[in-house]
Amino acid sequence: MTTDTTTTQAPEEQSQASLYDLIGGAGKLRELVDRFYDLMDLEPQFSVIRALHPTTLDGSRDKFYWFLSGWSGGPDLYIQQFGHPRLRARHLPYGIASPERDQWLRCMALAMQDVGMDEWLQERLLTSFFQTADWMRNKPDTPQ
């Protein structure tokens, strides 16, 4: 894995910095979001979550970037444009069960690796992403 020196900090600095800063700010966050949607669009293993999105991903890319900016401690770009994110309510029209949650998390994990995010930061973010993604489930899992 490539290490991005913009996120390499001493442990005491990590506890004081926002996730936004630890990620590397606006440019690195945008790179992460773009890689996430590139993977979703190109890789067959993410076809289930890709099918939940519009034909073009431009709007989804922007909204996710704006949301993650504020969520991670950077500028509240999403709230400035749309108000409170109301994540669960906004996702209710889309059937999300454990397979969709897991596919989303795999796509994000791969995107974080691809942009060279430090392993400790990947783990920290995936823990938070899992909690939110699990809460977004709105349909029962079908028996396999």
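Below: a short report on this structure. (Residues numbered from 1 in each chain as written. Predicted model: local features only at pLDDT ≥ 70, side-chain atom pairs only at ≥ 80, totals over all residues. Heavy atoms only, no water.)

**Things to note about the pattern of salt bridges**
Phase 1 of the analysis: Under the definition given, this model contains eleven salt bridges.
Phase 2 of the analysis: Residue Glu 100 is joined to Lys 139 by a salt bridge in which the shortest nitrogen-to-oxygen separation is 3.6 Å. Taken as a pair, Glu 100 in helix H8 (residues 98-114) and Lys 139 in the segment after helix H9 (119-135) lie far apart in primary sequence, 39 residues in all.
Phase 3 of the analysis: Given a relative accessible area of 10%, Glu 100 falls into the buried group.
Phase 4 of the analysis: Judged by relative accessible area, Lys 139 falls into the partly exposed class, the value being 36%.
Phase 5 of the analysis: Its salt-bridge partner being Asp 134, residue Arg 137 comes within 2.8 Å of it at the nearest N-O pair.
Phase 6 of the analysis: A single network of salt bridges, built from pairs that share partners, joins Arg 30, Asp 34, Asp 38, Arg 61 and Asp 62. (Salt bridge = Lys/Arg side-chain N within 4 Å of Asp/Glu carboxyl O. Helix = DSSP H or I, 4+ residues; strand = E, 2+ residues; numbered from the N terminus. Buried < 20%, exposed > 50% of the residue type's maximum accessible area, 1.4 Å probe, protein only.)

**Observations concerning the packing of aromatic side chains**
Phase 1 of the analysis: Using the criterion set out here, one finds ten aromatic pairs in the structure.
Phase 2 of the analysis: Between the aromatic rings of Phe 67 and Tyr 78, the centroid separation amounts to 6.5 Å while the plane-to-plane angle is 85°, which identifies the pairing as edge-to-face. Taken together, the residues span a long stretch of sequence, with Phe 67 in helix H5 (residues 58-71) and Tyr 78 in helix H6 (residues 77-82) at a distance of eleven residues.
Phase 3 of the analysis: By relative accessible area, Phe 67 is classed as buried at 17%.
Phase 4 of the analysis: Classification of Tyr 78 by relative accessible area gives buried; the value is 9%.
Phase 5 of the analysis: Relative to Phe 129, the ring of Trp 71 lies with its centre 5.3 Å away and its plane at 25°, an arrangement referred to as stacked. With Trp 71 in helix H5 and Phe 129 in helix H9, this residue pair connects regions lying 58 residues apart in the sequence.
Phase 6 of the analysis: Judged by relative accessible area, Trp 71 falls into the partly exposed class, the value being 31%.
Phase 7 of the analysis: Overall, Phe 129 belongs to the buried group, its relative accessible area being 6%.
Phase 8 of the analysis: Among the aromatic side chains, those forming a connected cluster through ring pairs are Phe 36, Tyr 37, Phe 64, Trp 71, Trp 104 and Phe 129. (Phe/Tyr/Trp six-rings, centres within 6.5 Å; stacked < 30°, edge-to-face > 60°.)

**Notes on unusual backbone geometry**
Phase 1 of the analysis: Located in the positive-phi region is Arg 86, a residue other than glycine, with phi close to 40°.
Phase 2 of the analysis: In this structure, Arg 86 sits in the loop between H6 and helix H7 (87-91).

**Notes on the packing of helix H3 (residues 25-42) against H5**
Phase 1 of the analysis: At their nearest, the axes of H3 and H5 sit 10 Å apart, and the two run at 140° to each other. Overall, the two elements H3 and H5 adopt an arrangement that is oblique. Helix-helix and strand crossings are classified by hand; for H3 and H5 the assignment is right-handed. Where H3 abuts H5, its residues Ala 26, Leu 29, Arg 30, Val 33, Asp 34, Phe 36, Tyr 37 and Asp 38 lie against Ser 60, Arg 61, Asp 62, Phe 64, Tyr 65, Leu 68 and Ser 69.
Phase 2 of the analysis: Tallied by class, residues from the contact of H3 with H5 come to eight nonpolar, two polar and five charged. (Axes fitted to C-alpha atoms, helices over the stretch in contact; angles between N-to-C directions. Parallel < 35°, antiparallel > 145°, perpendicular 65-115°, else oblique. Left-handed = near helix turned anticlockwise from the far one by under 90°. Contact = heavy atoms within 4.5 Å. Nonpolar A, V, L, I, M, F, W, Y, C, P; charged D, E, K, R; others polar.)

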